[in-house]
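# Inside the fold
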Amino acid sequence: MLNPDQLSIKGNRENSKIIIAGPCSAETEIQTLETARELSRIGIKIFRAGIWKPRTRPGNYEGAKTAGLPWLKRVKEETGMFVCTEVATPMHIYEALKYGIDALWLGARTTANPFAVQELADAIKGVDIPIFIKNPINPDLELWIGAVERIRSAGITQLAVIHRGFSTYRKYKYRNDPHWQLPLELKRRYPELTILSDPSHISGRRSLISEVSQQAMDLDFDGLMVETHINPDEALSDARQQVTPDRLREILESLIIRKPGKSIENHLTLEKLRSEIDQMDSELLELLGKRMSVSDKMGIYKKENNLTIFQPQRYSKIMNERSKEGLTKGLSSEFTEKIFKSIHEESIRHQKNIMTEKTRDLPLTGGKK
Ligand code: PEP
Ligand code: MN
């Protein structure tokens, strides 16, 4: 059984973080063992390796399957590391337990499916093994929480979640959009839950792993799961995002681990900034409310004069001007356009209500009914 001390690797700083590392897939016995030996040498205590690989399209490498489990057993015997793998079906659970795997994780595609999660929860009942639950592929916090609840009700007491980002259609810097607000909201609602970050699947590129790991540390995540391969370029899955054990050591050594609440001064500075933000947010809401009442007046005017609610030229003029103005204030046009799009949608909703109301005071025209 894992205990929290064993889970942590203590860096040269006071804080200890949970670090899980290992290849995306266990491909061969040699690749698995060589990677594990190097990781153990740099102080990693928990080894990960996918045995059954959920591939988006058929025909890609689907993992060593049960044949790879003895390799993990050897890693455990030789290095003393804890070993963990992904399970997606009850059969995976039985096989993994049979080979003495220490911890299991649910992948993003599994978390997205409550039927699958429930089946796994039923299969694990009675075995209190640590389980890590990755976020679902879609940015749905309730679905993620639902999976945690299902696994917890099976009697699992050592639960952690892994934030691995969310699928996105748009071309983006990262492979998976982090939507940091989701794991942070999860943390706010369940402060006791251990939250790890998976910078490999978030970034999708080895050059960005350091940056994403630092962001996770700055947001006070409890640790990282990093895909590490003895020869990343030759990896049979997720080659672009894997790093060598040496590179992992460099990344971990360069991480700045801040101490939440440690320095009162820092804490107070943060509190002061937070209250400034709170104040500004309420000013923003006040202003949005005022803006909406002007828009209501416009709705009344449009109704009186039989004009359409939506006026495309005006809309594109607003979008252009606002996004240009936003740029001068350091706001990306994408952000400004998103904000104004939703303000506009809310105005339209208000004006539609006004159009369909039968009777109403019309302040612009002196209270005509
Ligand atoms: C993995 O960890 O290799 C994996 C398949 O992850 P995810 O479920 O996050 O896609
Ligand atoms: Mn992977």
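Reading the values: the criteria
- Residues numbered from 1 in each chain as written.
- Chains lettered and ligands numbered in written order.
- Predicted model: local features only at pLDDT ≥ 70, side-chain atom pairs only at ≥ 80, totals over all residues.
- Heavy atoms only, no water.
- Salt bridge = Lys/Arg side-chain N within 4 Å of Asp/Glu carboxyl O.
- Helix = DSSP H or I, 4+ residues; strand = E, 2+ residues; numbered from the N terminus.
- Buried < 20%, exposed > 50% of the residue type's maximum accessible area, 1.4 Å probe, protein only.
- Near = heavy atom within 4 Å.
- Polar contact = N/O pair within 3.5 Å; in protein donor to acceptor, adjacent residues only side chain to side chain.
- Areas by Shrake-Rupley, 256 points an atom, 1.4 Å probe, with all protein chains shown as cover.
- Nonpolar A, V, L, I, M, F, W, Y, C, P; charged D, E, K, R; others polar.
- Donors = N, O, S within 2.8 Å, 3.2 Å for Na, K, Ca; no water.
- Contact = heavy atoms within 4.5 Å.
- pLDDT = per-residue confidence, 0-100.
- Axes fitted to C-alpha atoms, helices over the stretch in contact; angles between N-to-C directions.
- Parallel < 35°, antiparallel > 145°, perpendicular 65-115°, else oblique.
- Left-handed = near helix turned anticlockwise from the far one by under 90°.

### Looking at the pattern of salt bridges
Counted according to the given criterion, the structure contains 26 salt bridges. The salt bridge partner of Lys317 is Glu321, with a shortest N-O separation of 3.2 Å. Of this pair, Lys317 and Glu321 are both found in helix H13 (residues 312-328), four residues apart, which corresponds to roughly one turn of the helix. The exposure class of Lys317 is partly exposed, given its relative accessible area of 46%. Judged by its relative accessible area of 38%, Glu321 is partly exposed. Among the ionic pairs, Lys341 bridges to Glu345, the shortest N-O distance being 3.2 Å. Of this pair, Lys341 and Glu345 both sit in helix H14 (residues 333-356), four residues apart, which is roughly one turn of that helix. Residue Glu345 is classed as partly exposed on the basis of its relative accessible area, which comes to 46%. Taken together, the shared-partner salt bridges connect Glu38, Arg41, Asp246, Arg249 and Glu253 into one network.

### With respect to the site of ligand 1
The environment of ligand 1 is formed by Cys24, Arg48, Lys53, Glu86, Trp105, Gly107, Ala108, Arg109, Lys134, Arg164, His201 and Glu227. Between ligand 1 and Lys134 there is a distance of 2.8 Å, counted from an oxygen atom to a side-chain nitrogen or oxygen. Taken by itself ligand 1 offers 300 Å² of open surface, and the protein chains cover 97% of this. Residue composition of the shell around ligand 1, grouped by class: three nonpolar, two polar and seven charged.

### Looking at the coordination of the manganese ion (ligand 2)
Of the protein atoms, only Cys24 (SG), His201 (NE2), Glu227 (OE) and Asp238 (OD) coordinate the manganese ion (ligand 2), at distances of 2.1 to 2.4 Å. Sequence spacing of the donors to the manganese ion (ligand 2): C-x176-H-x25-E-x10-D. Placement of the pair is His201 in helix H9 (residues 199-203) and Glu227 in strand S9 (residues 223-227), with a sequence separation of 26 residues. Look at His201 and you get buried, because its relative accessible area is 8%.

### Some words on the side chain of Ser295
Here Ser295 is to be found in helix H12 (residues 264-304). Residue Ser295 is classed as buried on the basis of its relative accessible area, which comes to 5%. Beyond its immediate chain neighbours, meaning those up to four positions away, Ser295 contacts Ser347 and Gln351.

### What to know about the confidence of the model for the protein chain
Low pLDDT means the predicted atomic positions in that stretch should not be read closely. Averaged over the protein chain, the pLDDT score is 89; the fraction of residues at 70 or greater is 89%. Here residues 1-14 scores under 50 on pLDDT; set against residues more than four positions off or in separate chains, the count is 33 contacts. For residues 364-369, every residue scores under 50 in pLDDT, and the model assigns this stretch 10 contacts once sequence neighbours within four places are set aside.

### Structural notes on the packing of H13 against H14
Direction vectors running N to C along H13 and H14 enclose 140 degrees, while the axes themselves pass 9 Å from each other. When the axes of H13 and H14 are compared, the pair comes out oblique. In this structure, the crossing between H13 and H14 has a hand that is right-handed. Where H13 abuts H14, its residues Tyr315, Ile318, Met319, Arg322, Ser323, Gly326 and Leu327 lie against Ser333, Thr336, Glu337, Phe340, Lys341 and His344. In the contact of H13 with H14, the residues fall into five nonpolar, five polar and three charged.

### Focus: the packing of helix H10 (residues 209-218) against helix H11 (residues 245-254)
The interhelical angle for the contact between H10 and H11, taken along N-to-C directions, is 35 degrees, at an axis separation of 10 Å. Crossing angle aside, the handedness with which H10 passes H11 is right-handed. For the pair H10 and H11, contact is made by Ile209, Ser210, Ser213 and Gln214 and by Arg247, Ile251 and Ser254, respectively. Its residues assigned to classes, the contact of H10 with H11 shows two nonpolar, four polar and one charged.

### A closer look at helix H4 (residues 90-98)
Along H4, the positions that sit buried rather than exposed are His92, Ile93, Glu95 and Ala96. Buried positions along H4 lie against helix H3 (69-79), strand S4 (82-86), strand S5 (103-106) and helix H6 (114-124). Gly100, located one to two residues past H4, shows a positive phi value of around 75 degrees.

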